[in-house]
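Commentary on secondary and tertiary structure
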Amino acid sequence: MKLFIFCIVLFLLLTTAIILNMHYIHSIIDKLTYLTESLPESIWEYQSSGEKYKKPIEEIYTLWDKKINYISYSIDYNRIDSVDLAISEIYVSFSTEDFNQLLLSRQRLLDSLKRIRSLESISWLGIF
Amino acid sequence: MGKRQIGEMELSELVITLLLSDLATQPITNSNIPLLYGIVPVIILLCLEVIISFLSTKSYFVKILLSPTPTVLINKGVLDQKALVKMRITLDELLSELRQNGIIDISDVYYAILEENGKISVIPKTANAPVVAKDLNLKRAEKGIIHALVIDGKIIKAAQKSLGKDEKWIIDTAKRHGIYNLKDIMLLAVDECDEITIIKKDRGK
């Protein structure tokens, strides 16, 4: 009976931890998605007022750098690498004013974030 | 799953064992997977296994839902051919099981039951059943189990405690059997009627 109660408690604790972790990762991903989406989708806007977007790009970089260790506990390293690469590319291509690359990396980052969010959700897609 | 062996596992236990072994190796064999991908499902499966086992003992419905029920293969001396086909057991296999139970002729069997763990229980017809003390109206004292008090010259403390025998009793008993050194004893066993079995060590003469 003691073992049964212990297992029930452990099972509930783990389930709660998984759900809390899922919500926390969602909040990070949502924030990153919001910041990435705030970057414009046309080269012209970067060329006309490029400095305006320096701050959100640095925010994306800093946020990811701060959370990457926690995220890597529960997310496939391949997915983390793809986000890591896309953020680095955005950061570098903005500095070198390679806006074509920046647009490509922006889209790649959005796709990777979307994929991580769906995999970290309790859904049929998450299972399969 | 405790001390039970693979052959004695229930279906859910077998499935969980296979899943556990596969899950545990995932983070080891694939370096792209975080360690938690292996640890969390393993703990969850173990918890589920204990919960399911507990519910099976408490609820008959859960028990029959998760475990197979025994199947009668020979019913009152009549071979149930449909049950054999259903359980995918050939007649050769059944005869082999009967031989392993000391029965040569199938007509000597009154019941043969395929148990949940896959073993076949054989109950012979009364005429072929071995004679026991009760049949002869004999009264025999219960001997209980035999406790090994000394193994390879060493006193087994747990057996000594359960029998309530001190070291002096063991040494005196050995002396009565012509053994003056405990190291010369291979086995000294006592049953619950104080009947002693003593085997001296073979010194390779």
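Refer to the preceding data block for the structure.
Residues numbered from 1 in each chain as written. Chains lettered and ligands numbered in written order. Predicted model: local features only at pLDDT ≥ 70, side-chain atom pairs only at ≥ 80, totals over all residues. Heavy atoms only, no water.

1. Details of the sheet that holds strand 1 (residues 71–75) of chain B
Residues and elements named next belong to chain B. Reading across the sheet, the 4 strands line up as 2-1-3-4 and stay open at both edges, with antiparallel pairing between neighbours. In this open sheet, the two strands that pair with only one neighbour each are strand 2 (78–79) and strand 4 (120–124). Pairing of strand 3 (residues 109–114) with strand 4 involves 5 bridges; the strand directions are antiparallel. Of the residues in strand 4, the one forming a bridge with Ile113 is Ser121. The sheet contacts of helix 5 (residues 91–100) involve strand 1, strand 2, strand 3 and strand 4, and relative to strand 4 the element is tilted by about 65°. (Pairing = 2+ DSSP bridges. Helix = DSSP H or I, 4+ residues; strand = E, 2+ residues; numbered from the N terminus. Contact = heavy atoms within 4.5 Å. Axes fitted to C-alpha atoms, helices over the stretch in contact; angles between N-to-C directions.)

2. Thoughts on the side chain of His26(A)
Within the element layout of this structure, His26(A) appears in helix 1 (residues 2–37). Leave out the neighbours within four places in its chain, and His26(A) touches Arg117(A), Glu120(A) and Ser121(A).

3. Considering the packing of helix 1 of chain A against helix 5 (residues 99–119) of chain A
Residue and element names in this part refer to chain A. Remark: helix 1 packs on helix 5, axes separated minimally by 10 Å, with the N-to-C direction vectors making an angle of 160°. By the criterion of interaxial angle, the relationship of helix 1 to helix 5 is roughly antiparallel. For the pair helix 1 and helix 5, the sense of crossing is left-handed. Between helix 1, through His26, Ile29, Asp30, Leu32, Thr33, Thr36 and Glu37, and helix 5, the contact on the second element is made entirely by Arg106, Leu109, Leu110, Leu113, Ile116 and Arg117. A breakdown of the residues in the contact of helix 1 with helix 5 according to their chemical character gives 6 nonpolar, 3 polar and 4 charged. (Parallel < 35°, antiparallel > 145°, perpendicular 65-115°, else oblique. Left-handed = near helix turned anticlockwise from the far one by under 90°. Nonpolar A, V, L, I, M, F, W, Y, C, P; charged D, E, K, R; others polar.)

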